[in-house]
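So you can see what is in the structure, the chains are spelled out below.
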Amino acid sequence: MTKYWEIAQLSDGSFVLQSPEHKDDKPLVRIEFSAEAERLLQDQVSEVAQAMIGAGVQAANFLSDRPDDSEPSSETSIH
């Protein structure tokens, strides 16, 4: 079963990544922009928040697909 998430803007202006079925739960990610950042971004705040969250999800997917490198290596090389 595929898990779906949604990006939403809350009434306080912050953006969250949340489960559409469990909106009362704590969101996975929350992004808040300062007044200065909002002024600089003008009408693109929503697009920037979506891009930031999307990049984070892509990075998490990439990292979860990598083989487990947590095993310490017995050899150390310095180049």
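Remember, it's a predicted structure, so these values are computed and weren't measured experimentally. (Residues numbered from 1 in each chain as written. Predicted model: local features only at pLDDT ≥ 70, side-chain atom pairs only at ≥ 80, totals over all residues. Heavy atoms only, no water.)

### A word on the overall build of the chain
Here is step 1: In terms of regular secondary structure, the chain is built from two helices and three strands.
Here is step 2: Tracing the chain from N to C terminus, the helices and strands come up as β-β-β-α-α.
Here is step 3: At a minimum sequence separation of 6, the contacts of the chain that also span at least 24 residues come to 18%.
Here is step 4: When the accessible surface of the chain is split by element, carbon and sulfur atoms take 51% of a total near 6800 Å². (Helix = DSSP H or I, 4+ residues; strand = E, 2+ residues; numbered from the N terminus. Contact = heavy atoms within 4.5 Å. Areas by Shrake-Rupley, 256 points an atom, 1.4 Å probe, with all protein chains shown as cover.)

### Observations concerning a nonpolar patch on the surface
Here is step 1: Where nonpolar side chains cluster on the molecular surface, the patch consists of W5, L28 and V29 and spans about 270 Å² of accessible area.
Here is step 2: One can find L28 in the loop between β2 (15–18) and β3 (29–31). (Patch = residues over 30% accessible without salt bridge, like charges linked within 9 Å, V, L, I, M, F, W, Y side chains within 5 Å. Salt bridge = Lys/Arg side-chain N within 4 Å of Asp/Glu carboxyl O.)

### Focus on the pattern of salt bridges
Here is step 1: Counted by the stated rule, this structure contains two salt bridges.
Here is step 2: R30 is the partner of D12 in a salt bridge, and the nearest nitrogen-oxygen pair spans 2.6 Å. A residue pair is termed long-range when its members are at least 10 positions apart, and D12 in the loop between β1 (6–9) and β2 and R30 in strand β3 qualify at 18 residues.
Here is step 3: Its relative accessible area of 41% is what places R30 among the partly exposed residues.
Here is step 4: Via salt bridges that share partners, D12, R30 and E32 belong to a single interconnected network. (Buried < 20%, exposed > 50% of the residue type's maximum accessible area, 1.4 Å probe, protein only.)

### What to know about the confidence of the model for the chain
Here is step 1: Considering every residue of the chain, the mean pLDDT works out to 83; 82% of them sit at 70 or more.
Here is step 2: Here helix α2 (residues 45–65) stands out as the least confident element of the chain, with mean pLDDT 91; helix α1 (residues 35–41) is the most confident, with 96.
Here is step 3: Contacts of residues 73–79 to residues separated by more than four positions or lying in other chains number zero contacts, the stretch itself having pLDDT below 50. (pLDDT = per-residue confidence, 0-100.)

### With respect to the packing of aromatic side chains
Here is step 1: This model, assessed by the stated rule, comprises one aromatic pair.
Here is step 2: Seen in terms of ring centroids, F15 and F33 are 6.3 Å apart; in terms of plane orientation they differ by 80 degrees. Their pairing is edge-to-face. With F15 in strand β2 and F33 in the loop between β3 and α1, this pair connects stretches of sequence that are 18 residues apart. Here F15 matches F33 in class, with each residue buried. (Phe/Tyr/Trp six-rings, centres within 6.5 Å; stacked < 30°, edge-to-face > 60°.)

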